Amino acid sequence: FKYGQVSVLIVLGISLALSYQREGRSTAGGLVLAAVASIKYYPAIALIYFVFLRDIRFLAAFAVGIFGFLGLLPALWLGLDGWWRYTSETIHTFPKYDMFLGAFGSQYFLHVALRWAFNLGQPLTEHGYHVLRWLSVALFIAHAAFAAWLYRHGGERGPILATAALFLSLPMAVPSSWPHYFVYLPLCQAALAAALAEQNGWPRLLWLPLALSALGQNIYFYIAFSSFSSFIVYYSTGVLAVANLLALATLYGLGVALH
């Protein structure tokens, strides 16, 4: 919200798509996800979740939507030649995985780890970077499977927690992961808080990482941090990535409690 970025629309679109699917309206959900993936490509990685759910209707609707939003509508507006030139240029300029290596604002987990390693005098080799990059992709896929498990076994709150799992795993797969992408964090924290409120015993300890997560991404903490240091330090140290990880830790604990 601070930056007025399109990420607000993207997060609301993904949430709506998941909500439609949860209500049994997979066709509408697939079309909505296709619409937001036509604005920013990265929401399309959420498809792996629907593969785990074996929701063929959602996947088919997404494919039809992508054809319409990225193919048919632009071709009708630009003409076939204009559409082809635009699409070719888009594919040609598509960001490479290493494009954001030097960007201090990237909250992609691997980039945050690289900055910490460099500052501690232990820079990663190129080989180490590639190994961790593919490990990060594998972790995202594992979290999509975890989200599908929550959907099926998490009880009444399972689908909501599955949605949180998908959002919180995005920084494992999206190399840009700019700060405004994390507009989903308050939504996830609210979902986790609602689930924690129903727990007794040891799961109450999970309020601590959740509270620290809420503090880290709070705009007032950002302002206070920047006043005695710099917003560059706030981003380069990966405060938002850490807040995301703390929310994930809370979700892991809830998964154990639900199991």
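Residues numbered from 1 in each chain as written. Predicted model: local features only at pLDDT ≥ 70, side-chain atom pairs only at ≥ 80, totals over all residues. Heavy atoms only, no water.

Caption draft 1: Inspection of helix α9 (residues 207–217) at higher detail. By the burial criterion, the buried members of α9 are Pro209, Leu210, Ser213, Gly216 and Gln217. Seen along its axis, α9 keeps its buried residues to an arc of 125 degrees; they face one direction. (Buried < 20%, exposed > 50% of the residue type's maximum accessible area, 1.4 Å probe, protein only. Helix = DSSP H or I, 4+ residues; strand = E, 2+ residues; numbered from the N terminus. Arc of directions from axis to C-beta.)

Caption draft 2: Examining the packing of aromatic side chains more closely. Across all of its chains, the model carries 17 aromatic pairs by this definition. Ring geometry for phenylalanine 50 versus phenylalanine 58: centroids 3.6 Å apart, planes at 10 degrees, classification stacked. Note on phenylalanine 50: relative accessible area 1%, which makes it buried. The class for phenylalanine 58 is buried, based on a relative accessible area of 0%. Taking the centre distance of 6.2 Å and the plane angle of 80 degrees together, the rings of phenylalanine 231 and tyrosine 235 count as edge-to-face. Taken together, the residues phenylalanine 231 and tyrosine 235, both in helix α11 (residues 231–236) and four residues apart, mark about one turn of the helix. On the accessibility criterion, phenylalanine 231 (39% relative accessible area) is partly exposed. Among the aromatic residues, those joined into a cluster by ring pairs are Phe104, Phe221, Tyr222, Phe225, Phe231, Tyr234 and Tyr235. (Phe/Tyr/Trp six-rings, centres within 6.5 Å; stacked < 30°, edge-to-face > 60°.)

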